[in-house]
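# Survey of secondary and tertiary structure
Residues per chain are reported as follows:
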Amino acid sequence: MANFIKLVISNYNEILDFKDPKVDTWPLMGSPGPLLCIMGTYLIFVLKAGPKMMEKRPAFQMNTILILYNGFQVLFSIWLTTLALEVDLEDALTFQGCYIQNKSYQRNKVLHEKLSLGAWWYFVAKIVELLDTVFFVLRKKQNQVTFLHVYHHTITAVFSWCYLKILPGQQGVVVGALNSIVHIFMYSYYLIAALGSKYRKYLWWKKYMTWIQLLQFGMMMTYLMLTLAMDCQMPKALTYFFITNIVIFIYLFSDFYRKTYKAKKIQ
């Protein structure tokens, strides 16, 4: 019991070392209330209210909106990836960041400020991405509002807030950068699809999107396991939470790929 208490205190102190006090003054970060309202509204709309509203209405034609939205998401994802380069991504990838506490106070302070700002914009991206599901509902594509889709969008938005508010850590830079790179490909695919039927010949790589997602999760898992093996001075509670969710995502995305592509081949 004493060892467990020491572990909890140690992890809590690690978290405080990475916590930027200015975060609490930023939009949506003062309390969980606004986030809970957004997520509650999202879930009610995409699971109940939205399908009910669209039940007797024709699907909205949203090609122009989708082109603009997906184009914006591609550019936003590219920008988020560049933010990671400003937060010592090289240190994180080469595990020099394992010993961040040995760096000068000033460099630590600058790093944490950049880390927090990048994490806040990443959180904003996850909130904006909730529109993916809203557009599915408005276009009467309810078959695409799967458990995987809703769970993925919900957990990433909620966890992005929790990461920034109470559980920051440098390993989030690598995870966020990998996810943003994948989203460049994903929203590029959606952008091409929104351009119309004459561009469908360029969408032959649809099934490889799931491969890219799974490759991303494999790289994340490898990196996080190495941070544990090397006993990096990063909040281990955050690493364990990342690993747990990555395992869930690997299972869900693998199951989606098997049902969508493998089952069709058998038929």
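Model, not experiment: these values are computed from the prediction.

The positions that UniProt labels "transmembrane region" (unreviewed entry) are, in the present scheme, residues 26–45, 66–85, 119–138, 150–167, 173–196, 208–226 and 238–257. Spanning residues 26–45, this segment combines 65% helix with 0% strand, and its end C-alpha atoms are found 27 Å apart. For the annotated span residues 238–257, helix accounts for 100% and strand for 0% of the residues, and the straight-line distance between the end C-alpha atoms is 28 Å.

As a further point, take the packing of aromatic side chains. A full pass over the atoms with the stated rule returns 24 aromatic pairs. Here Tyr69 and Phe135 contribute two aromatic rings whose centre-to-centre distance is 5.1 Å and whose plane-to-plane angle is 85 degrees, an arrangement assigned as edge-to-face. Here the residue Tyr69 occupies a position in helix α3 (residues 63–85), and Phe135 occupies one in helix α6 (residues 131–138), the gap between them amounting to 66 residues. Measuring from ring centre to ring centre gives 6.4 Å for Tyr163 and Phe242, while their planes differ by 45 degrees; the resulting arrangement is tilted. Pair noted here: Tyr163 is in helix α7 (residues 147–166) and Phe242 is in helix α10 (residues 236–266), with a separation of 79 residues, a long-range link. Of the two residues, Tyr163 and Phe242, neither departs from the other in class, the shared state being buried. An aromatic cluster is present here, built from Trp26, Phe72, Phe76, Trp79, Trp120 and Trp121 joined pairwise through their rings.

Turning to α3, a few remarks are in order. Spanning 23 residues, α3 covers 34 Å between terminal C-alpha atoms, matching the ideal 33 Å at 1.5 Å per step. Those residues of α3 that sit buried are Leu66, Tyr69, Asn70, Gly71, Gln73, Val74, Phe76, Ser77, Leu80, Thr81, Leu83 and Ala84.

The tally for this structure, following the rule as stated, stands at five salt bridges. Lys165 is the partner of Asp24 in a salt bridge, and the nearest nitrogen-oxygen pair spans 2.9 Å. Linking Asp24 in the loop between α1 (2–18) and α2 (33–54) with Lys165 in helix α7, this pair joins segments that are 141 residues apart in sequence. Here Lys259 ties to Asp255 by a salt bridge, and the two come within 3.1 Å at their closest N and O atoms. One end of the pair, Lys259, and the other, Asp255, are both in helix α10, four residues apart, so they sit about a helical turn from each other. Of the residues examined, Lys259 reaches a relative accessible area of 53% and is grouped as exposed. Look at Asp255 and you get buried, because its relative accessible area is 16%. Shared partners join several salt bridges into a network, and the residues in it are Asp255, Arg258 and Lys259.

Reading the values: the criteria
- Residues numbered from 1 in each chain as written.
- Predicted model: local features only at pLDDT ≥ 70, side-chain atom pairs only at ≥ 80, totals over all residues.
- Heavy atoms only, no water.
- UniProt positions renumbered as here; feature names shortened; annotations may be inferred.
- Helix = DSSP H or I, 4+ residues; strand = E, 2+ residues; numbered from the N terminus.
- Phe/Tyr/Trp six-rings, centres within 6.5 Å; stacked < 30°, edge-to-face > 60°.
- Buried < 20%, exposed > 50% of the residue type's maximum accessible area, 1.4 Å probe, protein only.
- Expected span 1.5 Å × (residues − 1).
- Salt bridge = Lys/Arg side-chain N within 4 Å of Asp/Glu carboxyl O.

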